[in-house]
Each structure stands twice: as C-alpha cells, then as structure tokens.
Amino acid sequence: MLYTGHQHQGPSAVRYPRGSGMGTEIESAFTELAIGKGRILRQGENVAILNFGTLLPNALEAAEKLNATVADMRFVKPLDTELLAELASSHDTLVTLEENAIAGGAGAGVIEHLMKTKQIKPVLNLGLPDKFIAQGTQDEMHQELGLDAAGIERSILSYLAK
C-alpha cells in the first residue's frame, strides 16, 4: 500500500494500525496495487462481509462459521464499485466492517453508492461507535466493541434474525 501510494500521481493516504499485520507473505519486489480494486478472499453464500482495513482476520474467522463471503476492499476511496455491484447482486445481505467510526465511514460510503445506483440491499455497518473509546490492547478493544470474530458473528446473526 505504501508503494502504491508513493507511485500514485496525486494525494494518497495509507492508514495502518499499531501492532502487527495479519501475516501476509512479504514480497521481495515492490508491487503496485490497482487503486480502487478489492479482492474476494473467501466465497460463501447469502452474506458478504466487506472488510476495510485491519479486522480482516476476524472477518475471515466469523465468515467460516457463517459460510459468508469475505471481500478485502483495500480502498475506501475510490470504492470498488464493480466488486460492490457483484456482491450486492449475488448476496442477500452486506456487512461492512471497519476499525473506524461508523458515522461517515466506509460503510456509509457503501450505502451511499448502493442508494445512488438503486441497488436496494440490507446493509449492516460494523465499526466504532460515535463515542470516546477507552484505551487497551487491540484484542481487548475488539472484544469490548464486538469487533472480534465472535462479536462479528453475533452481530450478523442478530441482524439476520430481525
């Protein structure tokens, strides 16, 4: 991502967490990513989890139990509208997941795009509430906020039961 941002001829920002990454294999050569393009990491049915950022391992773990699709969206802006259209047409429910405030976040951008293109679909936005967040380790905060794998699974099952 840093290399891609460096190669881009315009403004770019890369958000990265404290702590370590999810264990992605490190490539010896710099690789430029296609800007605004996500990727599907797990194919499932009915529910698609659109992950933005660092919660990807939690999304994959929850998806295993729910038989859900997981898309690593990679970019908030520009949003991968082709992938979004594909997921909206092939799944009953979309779930956005981000380690960012829900209000005005990536999930809000997904809903905005779906409404603009008249792709009416139930969307559950998971992320940080609009309040002060206490300090703690990443694992402690994810568990407290329901953003660990078990919390994601609970939230999705609760939403589907409505």
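Above this text you will find the structure in question.
Residues numbered from 1 in each chain as written. Predicted model: local features only at pLDDT ≥ 70, side-chain atom pairs only at ≥ 80, totals over all residues. Heavy atoms only, no water.

Colleague: How do you make sense of the overall build of the chain when you look at a structure like this?
Modeller: For the chain, the helix and strand inventory stands at six helices and five strands. The order of helices and strands in the chain, counted from the N terminus, is α-β-β-α-β-α-β-α-β-α-α. Taking 2.2 N^0.38 as the reference for a compact globule, 162 residues should give roughly 15 Å; the C-alpha atoms of the chain span a radius of gyration of 16 Å, in line with that estimate. When the accessible surface of the chain is split by element, carbon and sulfur atoms take 52% of a total near 9800 Å². (Helix = DSSP H or I, 4+ residues; strand = E, 2+ residues; numbered from the N terminus. Rg over C-alpha atoms; globule rule 2.2 N^0.38 Å. Areas by Shrake-Rupley, 256 points an atom, 1.4 Å probe, with all protein chains shown as cover.)

Colleague: Any chance you could explain helix H2 (residues 56-66) here in plain terms?
Modeller: Since there are 3.6 residues in each turn of an α-helix, residues three or four apart along the chain are aligned in direction. Here H2 has its buried residues at Leu56, Asn58, Ala59, Ala62, Ala63 and Leu66. Viewed along the axis of H2, the buried residues span an arc of 155°, placing them on a single side of the element. Among the exposed residues of H2, those oriented more than 90 degrees off its buried face are Glu64 and Lys65. Contacts made by the buried residues of H2 are with strand S1 (39-42), strand S2 (47-52), strand S3 (69-72), strand S4 (93-101), helix H5 (138-144) and helix H6 (149-161). (Buried < 20%, exposed > 50% of the residue type's maximum accessible area, 1.4 Å probe, protein only. Arc of directions from axis to C-beta. Contact = heavy atoms within 4.5 Å.)

Colleague: It is not clear to me how the sheet that holds S2 should be interpreted in this structure. Could you clarify?
Modeller: Pairing between the strands of a sheet comes from backbone hydrogen bonds, and it takes one of two forms, parallel or antiparallel. Pairing is mixed across the open sheet formed by five strands, whose spatial order is S1-S3-S2-S4-S5. Each of the sheet's edge strands pairs with one partner strand only, and the pair in question is S1 and strand S5 (123-128). Pairs of neighbouring strands in the sheet enclose a mean axial angle of 25°, with direction left out of account. With four bridges connecting them, S2 and S3 associate as parallel partners. Of the residues in S3, the one forming a bridge with Ile49 is Val70. (Pairing = 2+ DSSP bridges. Axes fitted to C-alpha atoms, helices over the stretch in contact; angles between N-to-C directions.)

Colleague: Got a minute to help me understand the nonpolar core in this structure?
Modeller: Formed by 18 residues in total, the largest nonpolar core has its most connected members in Ile49, Val95, Leu97, Leu126 and Ile156. Breaking this core down by element, the ones donating at least two residues are S2, H2, S4, S5 and H6. Take this core: its biggest share by element is five residues, from H2. Look past the residues within four positions of Leu97 in its chain and what remains in contact with it is Ile49, Leu50, Asn51, Phe52, Leu55, Ala59, Leu126, Leu147 and Ile152. Within the second largest apolar cluster, 15 residues are counted, among which are Ala48, Leu84, Ala88 and Val123. (Core = buried A, V, L, I, M, F, W, Y, C linked by side-chain atoms within 4.5 Å.)

Colleague: Is there a simple way to explain the packing of H2 against H6 in this structure?
Modeller: Helix packing for two helices is described by the angle between their axes and how far apart those axes are. Closest axis-to-axis distance for the H2/H6 pair is 8 Å, and the angle between their directions is 50°. Relative to H6, H2 is oriented oblique. Crossing of H2 against H6: the hand is right-handed. On H6, the residues touching Asn58, Ala59, Glu61, Ala62, Lys65 and Leu66 of H2 are Ala149, Ile152, Glu153, Ile156 and Leu157. For the contact of H2 with H6, the residue count by class is seven nonpolar, one polar and three charged. (Parallel < 35°, antiparallel > 145°, perpendicular 65-115°, else oblique. Left-handed = near helix turned anticlockwise from the far one by under 90°. Nonpolar A, V, L, I, M, F, W, Y, C, P; charged D, E, K, R; others polar.)

Any functional reading would require information beyond the geometric quantities listed.
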